[in-house]
Every structure is written in C-alpha cells, then in structure tokens.
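One letter stands for each residue in the lines below.
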Amino acid sequence: MDKDKIIALLNQDIEDEHGAIIQYLTHAYAMGEGEMACEIEAIAREEMRHLDWLAETVVELGGTLSLERGKMLMEGRAVVEWMKNNVQLEDGAINQYREHIKIVDDPKIKRLLQRILSDEESHHGDFKHFVDKAQREGAEDVRGSRQDGTTQTLNWGIEHEYTVILQYLLHSYMTRNEEVKEQMQDQAINEMQHLGWLAEEMVDSGSSPRIEHTEVDQSTKTADMLRADIKIEREVAAAYDRAAKETAESDLKKLFLRLRDHEVYHADVFSDLLKEEEEK
Ligand SMILES: [Fe+2]
Ligand SMILES: [Fe+2]
Ligand SMILES: [Fe+2]
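Calculation notes
Residues numbered from 1 in each chain as written. Chains lettered and ligands numbered in written order. Predicted model: local features only at pLDDT ≥ 70, side-chain atom pairs only at ≥ 80, totals over all residues. Heavy atoms only, no water. Core = buried A, V, L, I, M, F, W, Y, C linked by side-chain atoms within 4.5 Å. Buried < 20%, exposed > 50% of the residue type's maximum accessible area, 1.4 Å probe, protein only. Helix = DSSP H or I, 4+ residues; strand = E, 2+ residues; numbered from the N terminus. Contact = heavy atoms within 4.5 Å. Axes fitted to C-alpha atoms, helices over the stretch in contact; angles between N-to-C directions. Parallel < 35°, antiparallel > 145°, perpendicular 65-115°, else oblique. Left-handed = near helix turned anticlockwise from the far one by under 90°. Nonpolar A, V, L, I, M, F, W, Y, C, P; charged D, E, K, R; others polar. Donors = N, O, S within 2.8 Å, 3.2 Å for Na, K, Ca; no water. Patch = residues over 30% accessible without salt bridge, like charges linked within 9 Å, V, L, I, M, F, W, Y side chains within 5 Å. Areas by Shrake-Rupley, 256 points an atom, 1.4 Å probe, with all protein chains shown as cover. Salt bridge = Lys/Arg side-chain N within 4 Å of Asp/Glu carboxyl O. Lys, Arg positive; Asp, Glu negative; His and termini not counted. Charge placed at Lys NZ, Arg CZ, Asp CG, Glu CD.

(A) Up close: the nonpolar core. In this structure, Ile 40, Met 83 and Phe 256 are the most contacted members of the largest nonpolar core, which totals 83 residues. Considering each element in turn, this core owes the most residues, 13 residues, to helix α1 (residues 3–30). Filtering out sequence-adjacent residues up to four positions away, Phe 256 remains in contact with Thr 153, Leu 154, Leu 198, Tyr 240, Ala 243, Ala 244 and Thr 247.

Set out below in structure tokens:
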C-alpha cells in the first residue's frame, strides 16, 4: 500500500482522537468533581495515548502530522445527551478503525490499529453505561455563566496551555534530539495538568471554559523549535505573574504563582537545551 495513503489514513485517525480528547475533557470539566467525571477524564487520557502512538507512526513513515481537530459532537444540554453523543463518537471511531485495519497491509500498523480498536470498543461500553447511570442517578452540568476579568484571564490561560500542549507534542515528534524529545513530552504532560487546573478553577468559580487554541509553532529545526518554546514560556510566565498580582482571591493567586513557577522552569530547561543544541 502507498505510504502517503497510510499517512493520510493515520492523520484522519489522529484528528478524530484529537476531537474525542477535547469532547471528553469538556464533559469531564463541565461535570465538576465526581466518579463519572474522573472516569471520563481517564478515557480522554487513553485517547491521548492513541494520538501519541499514531503520531509516532506518521513521523516514522516520514509524514507530516495533522493538527486539525476532528468533528466533535457537542449538542445537548443534559449529561445523558452528552453520553449518547460519546457513544456515537465511539461508534464512528470503531467503524473507522475497522475500515483502516482492513485497508492497511503493514502488519505493525495493523496491529497498532487493532490495539486501539479494542480500547474504543471498551469506551463504547463505558459510555453506554454512563448513559444509564446519568439517567438513573442524574448528573449535572455544573458550569455557570460568570463572565468577568477573572474568567477572561483563566480562559486566556486555557488557550495558552492547549496551544503549548500541541506545540510541545509536535516538537517532540519532529526533533531528532532525544533529550529535547523527552523534555518536550514531559513538559507537554505538565501543561495538560495546567489546562486541567485552569478549567477546574473556572468551573468552580461559576464560569464555563472554552477549549480552543491559537497558532502552533511548526518549526522543523530543533533550535528554532526551542527558540519559539522559550519565547512563549517567557510570555506566559510574565502573564501569570501579572495575573497573580492583580487578583485579590488568595486561591487564584496561589494557582497563578504555581503556574508561573512551572513556566519559568520550562523556559530555563528549554534555554539549556538550546545552548547545547547551538554548540553542536
Ligand atoms: Fe475512545
Ligand atoms: Fe503551562
Ligand atoms: Fe510551560
């Protein structure tokens, strides 16, 4: 089978995993604390692993990763409807993976897709169970409609975190420097934590997170990647520092300072890596 065709199929799967991750995270955050929200977040994490495996495969094949986000099913106001949407999304994924398994002839890729398919079948069952559970026990959208300077700052943070998650993952897949790769993966996971903290803070404080991202740096040379990453880290560290000074709420202040400290650390780690890269 033609390599470009496989890359295109895998990129389609990557886009759909990306959409599923954001759909499930949106639900998990919107439901606040609770067992079901935790389980949905765990499913989103499994989709992240899928995305990671698929992305590594595309890069191994010499392809360019798609950063597009696949279609999300976000209609409905009640949790029951959301869970039905999730069942439907998993249905679509199952059909698509089955289709791709049939077409792809590379045994290693076929095996990977089968591995992912078995997760999707399990998710399908989980979400069906959540439909019943939400119907039986009731589950609520706990988001509010608060909109002020604080929610703006928090949403700006979410937008930033989502952008760097994509950026560091992309850089981790594209760089040939093993140490850079490892750090990018590590810091991307840290940024996922940040996104979660900000989204949970938003929901706790009565507002509604909007998970969108801005432009992702697509440099192909490791030194250029690091320069872009350092620049964005310095900007965000300064922004969190400002936000910490501006807020009167002590919990928020603590959150912003903690985020700032992490971002300063990221900038320092990336700066050291850039120095080493430039000395090569
Ligand atoms: Fe899934
Ligand atoms: Fe961050
Ligand atoms: Fe960072």
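After that view, the rundown keeps rolling.
(B) Highlighting the packing of helix α3 (residues 79–103) against helix α4 (residues 107–137). Closest axis-to-axis distance for the α3/α4 pair is 8 Å, and the angle between their directions is 160°. Put simply, α3 runs roughly antiparallel to α4. As α3 packs across α4, the resulting crossing turns out to be left-handed. Class assignment for the residues of the contact of α3 with α4 results in 15 nonpolar, six polar and nine charged.

(C) Molecular detail of the coordination of the iron ion (ligand 1). Protein-derived ligands of the iron ion (ligand 1) are Glu 47 (OE), Glu 90 (OE), Glu 90 (OE), Glu 120 (OE) and His 123 (ND1), with the metal-ligand distances lying across 2.0 to 2.5 Å. Mapped onto the sequence, the donors of the iron ion (ligand 1) take the spacing E-x42-E-x29-E-x2-H. Of this pair, Glu 90 sits in helix α3 while Glu 120 sits in helix α4, placing them 30 residues apart in sequence. Glu 120 carries the same exposure label as Glu 90, and that label is buried.

(D) Spotlight on the coordination of the iron ion (ligand 2). Each protein donor to the iron ion (ligand 2) is listed here as Glu 161 (OE), Glu 161 (OE), Glu 191 (OE), His 194 (ND1) and Glu 263 (OE); together their distances run 2.0 to 2.4 Å. Mapped onto the sequence, the donors of the iron ion (ligand 2) take the spacing E-x29-E-x2-H-x68-E.

(E) A look at a negative patch on the surface. Residues Glu 178, Glu 179, Glu 182, Asp 186, Glu 276 and Glu 279 make up a contiguous surface patch of negative charge. Secondary structure elements with two or more residues in the negative patch: α6 (178–204) and α8 (250–279). If you tally residues by element for the negative patch, the top one is α6, at four residues. Relative to the elements of secondary structure, Glu 279 occurs in helix α8.

(F) Broad picture of the pattern of salt bridges. Counted under the stated rule, the structure contains 19 salt bridges. A salt bridge links Glu 60 to Lys 108; its shortest N-O distance comes to 3.6 Å. Here the residue Glu 60 occupies a position in helix α2 (residues 35–60), and Lys 108 occupies one in helix α4, the gap between them amounting to 48 residues. Assigned by exposure class, Glu 60 and Lys 108 land together as exposed. Across the pair Asp 261 and Arg 260 runs a salt bridge whose closest N-O atoms are separated by 3.0 Å. Salt bridges linked by common partners bring Asp 241, Lys 245, Arg 260 and Asp 261 together as one network.

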